[in-house]
Amino acid sequence: MKGSVVGENRLIPLAPGYIPGIGHAGALLKDPFRWLRRCVNSDIYRVKVGPSTSYLVTDVDMVQEILSNSDGGFDKGGPLFSSIRQVVPNGLASCPAHVHRRQRRLMQPAFSPSAIKNAEAIMEAYAEELAESWVPEQLVDVVSEMNRATLHILWGSLLPSAESPLADLEKMGPAVSDLMRGILIRTAIPSKMQHPLLPFNRRFLQAIDFIDTATRQIIRSAVEQNISEGLLGVLINSESRDREGFEEELRDQIITLLVAGTETSASTLSWALYRLAANPNLVDQIRSEVDALPSDRLSISAYRKELPATLNFVSETLRMYPAIWMSSRTSVSTIRLGSNSFEAGTDFFFSSYQLQHDPRTFESPEIFSPERWSGQLPLSSRPGFIPFSGGGRKCIGDRFAVYEILHVLIAIVRRWEVSLVSPGTAIKPRRLAANLTPERLFLRIDKRP
Ligand code: HEM
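Thresholds applied
- Residues numbered from 1 in each chain as written.
- Predicted model: local features only at pLDDT ≥ 70, side-chain atom pairs only at ≥ 80, totals over all residues.
- Helix = DSSP H or I, 4+ residues; strand = E, 2+ residues; numbered from the N terminus.
- Rg over C-alpha atoms; globule rule 2.2 N^0.38 Å.
- Buried ≥ 20, exposed ≤ 12 C-beta atoms within 10 Å, placed from the backbone.
- Contact = placed C-beta atoms within 7 Å.
- Pairing = 2+ DSSP bridges.
- Axes fitted to C-alpha atoms, helices over the stretch in contact; angles between N-to-C directions.
- Parallel < 35°, antiparallel > 145°, perpendicular 65-115°, else oblique.
- Left-handed = near helix turned anticlockwise from the far one by under 90°.
- Expected span 1.5 Å × (residues − 1).
- Core = buried A, V, L, I, M, F, W, Y, C linked by C-beta atoms within 7 Å.
- pLDDT = per-residue confidence, 0-100.
- Near = placed C-beta within 6 Å.
- Nonpolar A, V, L, I, M, F, W, Y, C, P; charged D, E, K, R; others polar.

A.B. asks: Give a detailed account of the overall build of the chain, specifying residues and quantitative values.
C.D. replies: Secondary structure assignment for the chain yields 16 helices and 11 strands. At 22 Å, the chain has a C-alpha radius of gyration in line with the 22 Å of a compact globule built from 449 residues. Projected onto its principal axes, the C-alpha coordinates of the chain cover approximately 65 × 55 × 40 Å. A total of 449 residues make up the chain; the buried ones form 45% of that total. Long-range contacts, defined as pairs at least 24 residues apart, comprise 74% of the intrachain contacts of the chain with a sequence gap of at least 6.

What follows is the structure, given as structure tokens:
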């Protein structure tokens, strides 16, 4: 029976926030981060969303076991991935294990060191353009500016030579947001409540329609023009274009990159700027490193050693605000986790946010402290630090993300002082969002001293 437990796991406690009839859907939809911060008294919890029982795993070693066993014992699955697959049946992030190995091999060249170095020229150019477009005393809508930046960088990296890569690029950001929000809400609420006329559902359906049409247009024009450069060129040339299903698969990969690779980096950048505005002493440390970089530098990789405080700051931002805050897997055979045994088909959740805010793993987790990373390899894989996940399904764009975050931060810190508009007002995460992103964040921009 799906989700049933064997042996002693009846002792697994229900996660806090359970309401009979609603299960945990209320806690998840209302304030999932508060809920996750409460899940620190057991290594594993029972979670009830809809009719099924899933398990939230909070023990670092058990999560590691799930991640490193992505070919044998666990596969991408559970309600979240079922919802994603309705939109993107065969994208790298959501495809099942039996097709993943092949897809990852095809996508890997697009994220090779040389491909990322080429993408860095686009990252730097757009970061400079963005920072130059601001004016002193401006109030910047940070989340929307960062979303625009990461969308332009991703689209420019996909198709570097296109004059105007996509006329509707400005509409693409909100469409990606609506798509992801729709996926999340559809995961948490019963299907009978998913009426097409409900506002979230209407926006979700319009978003799919827009993204689908735009993506197919781009693929057809890139194939017709025989594009060979950029990430799209690499993907188009990685396989025979005559193969059946070629366009469908490419469409899924581009949508995957848009969904996985824009709001994620934009959210991280938004929180980073918020932290710089709230902690001016951090700006001084970062600026002293950034000012010492040569102005004609193109690649960050050559200068990573010169940026220890900046990299510690990015690590701490990824710890405190991991954009992809929850993920899930399904067991494909009977498995043991700790002293518990689970049947094939059991759904497990784990959360980078929960692990990275767990006092069992990080001391004083609610304090933003880049120094906690001092003396460690920057962005190192410390137990319980999984902003990019791990194992065979680790984020393929992790280096791309870190470099674009660095390019954008460097361009801003070099020119601008950022400050809070209302110091003391807490910035809350957006509700019902697939990514951990600020609800509303305006910062004041002034010329740096
Ligand atoms: C700060 C920014 C980012 C964060 C925090 C992040 C985080 C993650 C995480 C946690 C996963 C694994 C999800 C899971 O295990 O279920 C993932 C997968 C993935 N990410 Fe990222 N990501 C970021 C940026 C990017 C960028 C910039 C790209 C592409 C340009 C990208 C492309 C992907 C893809 C394609 C996958 C699926 C990999 C696979 O299953 O083989 N991500 N990301």
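A.B. asks: Tell me about the sheet that holds strand 2 (residues 44–49), and please be specific about residues and values.
C.D. replies: One key point about sheets: their strands pair by backbone hydrogen bonds, in either a parallel or an antiparallel sense. A sheet is described by the order of its strands in space; here five strands give the open sequence 2-3-9-6-4, paired in mixed fashion. Each of the sheet's edge strands pairs with one partner strand only, and the pair in question is strand 2 and strand 4 (74–76). Neighbour to neighbour, the strand axes of the sheet diverge by 35° on average, direction disregarded. Relative to strand 9 (residues 347–350), strand 6 (residues 327–331) is paired through four bridges, and the arrangement is antiparallel. Bridge assignment links Ser328 to a residue of strand 9, and that residue is Phe349.

A.B. asks: Give me the lowdown on the packing of helix 6 (residues 113–133) against helix 7 (residues 142–158), citing residues and values where you can.
C.D. replies: Between helix 6 and helix 7, the shortest axis-to-axis distance is 9 Å and the interhelical angle comes to 150°. Comparing their axes, helix 7 and helix 6 come out roughly antiparallel. Relative to helix 7, helix 6 is oriented so that their crossing is right-handed. Touching Ala119, Ile122, Met123, Tyr126 and Leu130 of helix 6 are Glu145, Ala149, His152, Ile153, Gly156 and Ser157, all from helix 7.

A.B. asks: Please set out the sheet that holds strand 11 (residues 442–447) residue by residue, giving values where relevant.
C.D. replies: An order of 5-11-10 is seen for the three strands of this open sheet, with the pairing classed as antiparallel. What marks the edges here is a single partner per strand, and that holds for strand 5 (138–141) and strand 10 (416–420). Going across the sheet, the axis of each strand differs from the next one's by a mean of 40°, ignoring polarity. Where strand 10 lies against strand 11, five bridges are found, and the strand directions are antiparallel. Across the sheet, residue Leu420 finds its bridge partner in strand 11, namely Leu443. Strand contacts of helix 7: strand 5 and strand 11, with the helix running at about 65° to strand 5, the strand carrying the most contacts.

A.B. asks: Please give an account of helix 14 (residues 308–320) that cites residues and values.
C.D. replies: Taking 1.5 Å per residue, 13 residues should reach 18 Å; helix 14 reaches 18 Å between its end C-alpha atoms and fits that length. Of all 13 residues making up helix 14, 12 are buried, and the element is well covered by its neighbours. Three or more residues of helix 14 are buried, namely Ala309, Thr310, Leu311, Asn312, Phe313, Val314, Ser315, Glu316, Thr317, Leu318, Arg319 and Met320. Residues of helix 14 that are buried make contact with helix 12 (263–278), helix 13 (280–291), helix 15 (352–356) and helix 16 (398–415).

A.B. asks: For the nonpolar core, give the residues involved together with the corresponding values.
C.D. replies: In summary, soluble globular proteins display a tendency toward joint burial of nonpolar side chains. The biggest cluster of nonpolar side chains holds 127 residues, and the ones touching the most others in it are Leu56, Val57, Leu179, Leu273, Ile405 and Val408. The element that contributes the greatest number of residues to this core is helix 16, accounting for 12 residues. When residues no more than four places from it in sequence are discounted, the contact partners of Leu179 are Val87, Phe204, Ala207, Ile208, Ile211 and Val259.

A.B. asks: Could you give an account of the confidence of the model for the chain, naming the residues involved and the relevant values?
C.D. replies: Averaged over every residue, the pLDDT of the chain is 88; residues scoring 70 or more account for 94%. This stretch, residues 1–8, has a pLDDT under 50; its non-local contacts, to residues over four places away or in other chains, come to 17 contacts.

A.B. asks: How would you explain the pairing of strand 11 if you had to name every residue and give the values?
C.D. replies: Across four bridges, strand 5 lies against strand 11 in antiparallel orientation. By the bridge assignment for strand 11, Asp141 is matched with Phe442.

A.B. asks: If you had to explain the packing of helix 8 (residues 169–188) against helix 9 (residues 199–224) to someone new, which residues and values would you point to?
C.D. replies: One way to put it is that helix 8 packs onto helix 9 with a least axis distance of 8 Å and a crossing angle of 130°. Of the possible angle classes, the one that applies to helix 8 and helix 9 is oblique. Helix-helix and strand crossings are classified by hand; for helix 8 and helix 9 the assignment is left-handed. Of helix 9, the residues touching helix 8 (which contributes Lys171, Met172, Ala175, Val176, Asp178, Leu179, Arg181, Gly182 and Ile185) are Phe200, Asn201, Arg203, Phe204, Ala207, Ile208, Phe210, Ile211 and Ala214.

A.B. asks: Explain the site of the ligand residue by residue, including any values.
C.D. replies: Residues in contact with the ligand amount to 24 residues; listed here are only the nearest, Ala93, Gly261, Ser389, Cys395 and Gly397. Contributions of two or more residues to the shell around the ligand are made by helix 11 (246–261), helix 12 and helix 16. Element by element, the count of residues in the shell around the ligand is highest for helix 11, at four residues. Its residues placed into classes, the shell around the ligand shows 14 nonpolar, eight polar and two charged.

A.B. asks: Kindly report on unusual backbone geometry, identifying the contributing residues and their values.
C.D. replies: One non-glycine residue, Glu137, adopts positive backbone phi at about 70°. Here Glu137 lies in the loop between helix 6 and strand 5. Glu137 sits in the exposed class, given 9 other C-beta atoms within 10 Å. For Ser364, which is not glycine, the phi torsion reads 40° and is therefore positive. Residue classification places Ser364 among the exposed residues on the basis of 9 C-beta atoms within 10 Å.

A.B. asks: Could you give an account of the pairing of strand 6, naming the residues involved and the relevant values?
C.D. replies: Within a regular beta strand, the side chains point alternately toward one face of the sheet and then the other, so they alternate between its two faces. With respect to burial, strand 6 is a largely interior element, five of its five residues being buried. Because side chains alternate across strand 6, one face comprises the buried residues Ser327, Arg329 and Ser331, and the other comprises Ser328 and Thr330, equally buried. Summarising the sheet, strand 4 and strand 6 pair through three bridges and their orientation is antiparallel. Its bridge partner lying in strand 6, Lys76 is registered against Arg329.

A.B. asks: I'd like a description of the environment of Ile445, backed by residues and values.
C.D. replies: Its place among the elements puts Ile445 in strand 11. Those residues in contact with Ile445 that lie beyond four places of it in its chain are Trp134, Pro136, Gln138, Val140, Trp416 and Val418.

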